[in-house]
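# Structure at a glance
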Amino acid sequence: MFYEPPTIKGEIRNLKQSRPDGYSQDIFTYDIYFDDQFHSSHHSYFLDREAAINEAKKQGNFIREKILLERELAAVGDKRYIKFEDSYYQIFHKGKLYCCFHSTSLDEAKQYLEKLDFEDNRNLYYLHTSL
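Residues numbered from 1 in each chain as written. Predicted model: local features only at pLDDT ≥ 70, side-chain atom pairs only at ≥ 80, totals over all residues. Heavy atoms only, no water.

## Section: the sheet that holds strand S3 (residues 27–34)
The line we're drawing: In this description, strands pair whenever DSSP reports at least two bridges between them. The way it works is that DSSP assigns letters per residue, a run of H or I at least four long becomes a helix, a run of E at least two long becomes a strand, and they are numbered from the N terminus. The axes are straight lines fitted to the C-alpha atoms, using for helices just the contacting stretch, and the angles between their N-to-C directions are given from 0 to 180°. For this analysis, residues touch if any pair of their heavy atoms sits within 4.5 Å.
With antiparallel pairing, the three strands of this open sheet are ordered in space as S2-S3-S4. Bordering the open sheet on either side are strand S2 (10–18) and strand S4 (37–45), each of which pairs with just one other strand. Going from strand to strand, the sheet's axes swing by 20 degrees on average, the running direction of each strand aside. Here S3 runs beside S4; their pairing, made up of eight bridges, is antiparallel. Paired with Thr29 across the strands is His43, a residue of S4. The sheet contacts of helix H1 (residues 49–76) involve S2, S3 and S4, and relative to S3 the element is tilted by about 30 degrees.

## Looking at the pattern of salt bridges
Note the cut-off: Every case where a carboxyl oxygen of Asp or Glu lies within 4 Å of a side-chain nitrogen of Lys or Arg is listed as a salt bridge. Only protein chains enter the area calculation, which uses a 1.4 Å probe; residues under 20% of their type maximum are buried, those over 50% are exposed, and those in between are partly exposed.
Following the criterion strictly, the structure yields ten salt bridges and no others. Residues Asp35 and Arg71 are paired through a salt bridge, measuring 3.9 Å at the closest nitrogen-oxygen approach. Remark: Arg71 occurs in helix H1 and Asp35 occurs in the loop between S3 and S4; sequence separation between them is 36 residues. Among the residues examined, Arg71 registers a relative accessible area of 37% and is labelled partly exposed. Put simply, Asp120 and Arg80 hold a salt bridge, and the shortest N to O gap is 2.6 Å. Of this pair, Asp120 sits in helix H2 (residues 106–129) while Arg80 sits in strand S5 (residues 80–85), and the two are 40 residues apart along the sequence.

## Quick look at the sheet that holds strand S1 (residues 2–3)
Strand order across the open sheet formed by four strands is S1-S5-S6-S7, with mixed pairing between neighbours. Every interior strand has two partners, whereas the edge strands, S1 and strand S7 (96–103), have only one. Bridge count between strand S6 (residues 88–93) and S7: four bridges; the pairing is antiparallel. Bridge pairing in S7 links Tyr89 to Ser103.

## Looking at the packing of aromatic side chains
Selection criterion: Planes of paired rings set the category: under 30 degrees apart is stacked, over 60 is edge-to-face and the rest tilted, where pairs are Phe, Tyr or Trp rings (Trp by its six-membered ring) whose centres lie within 6.5 Å. Remark: a charge is flagged as sitting over a ring if the NZ atom of Lys or the CZ atom of Arg is within 6 Å of the ring centre and within 35 degrees of the ring normal.
For the structure on display, the rule yields six aromatic pairs. Ring geometry for Tyr81 versus Phe92: centroids 6.1 Å apart, planes at 20 degrees, classification stacked. Residue Tyr81 is located in strand S5, and its partner Phe92 is located in strand S6; the two are separated by eleven residues in the primary sequence. Comparing Tyr81 with Phe92, the two get one shared label, buried. Aromatic ring contacts, followed pair by pair, group Phe2, Phe84 and Tyr89 into a single cluster. When the ring centre of Tyr33 is taken as origin, the NZ or CZ atom of Arg13, which lies over that ring, is 4.0 Å away. Positioned above the aromatic ring of Phe92 is the side chain of Lys83, whose terminal nitrogen or guanidinium carbon lies 5.0 Å from the ring centre.

Take it as geometry only, folks, not as evidence of what the structure does.
So this is what it looks like as structure tokens:
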């Protein structure tokens with residue numbers, strides 16, 4: 001099975017700067033949206049707008065990775081699968097690298113995955129027949 005992760009469009013909305021009474025530093029508040037759906041609200045203490053935007057991007061990337069992993073696990077279930085990552089096709093299971101195999105050829109990766117599945121089925125057959 002080949003898994004291709006979906007693209008998720010993230011946005012920072014409602015970036016506001018304020019200085020509450022008694023504070024010496026500005027507070028920036030912002031909302032994070034993915035695919036036009038509200039995900040979370042955050043605030044941060046920074047001296048300038050650029051630093052607040054950079055922090056919001058870091059928060060958004062962290063949340064995006066969590067969402068992608070949840071979608072990946074929902075799509076593939078408990079099966080091993082092929083995923084293109086870091087310029088190579090690699091074998092994954094439950095969101096983690098399964099083995100050290102990597103290739104630039106999808107066909108080669110499919111053959112290796114079939115070999116792994118065949119060996120697992122053969123081992124299960126021998127286990128059941130030896131009981």
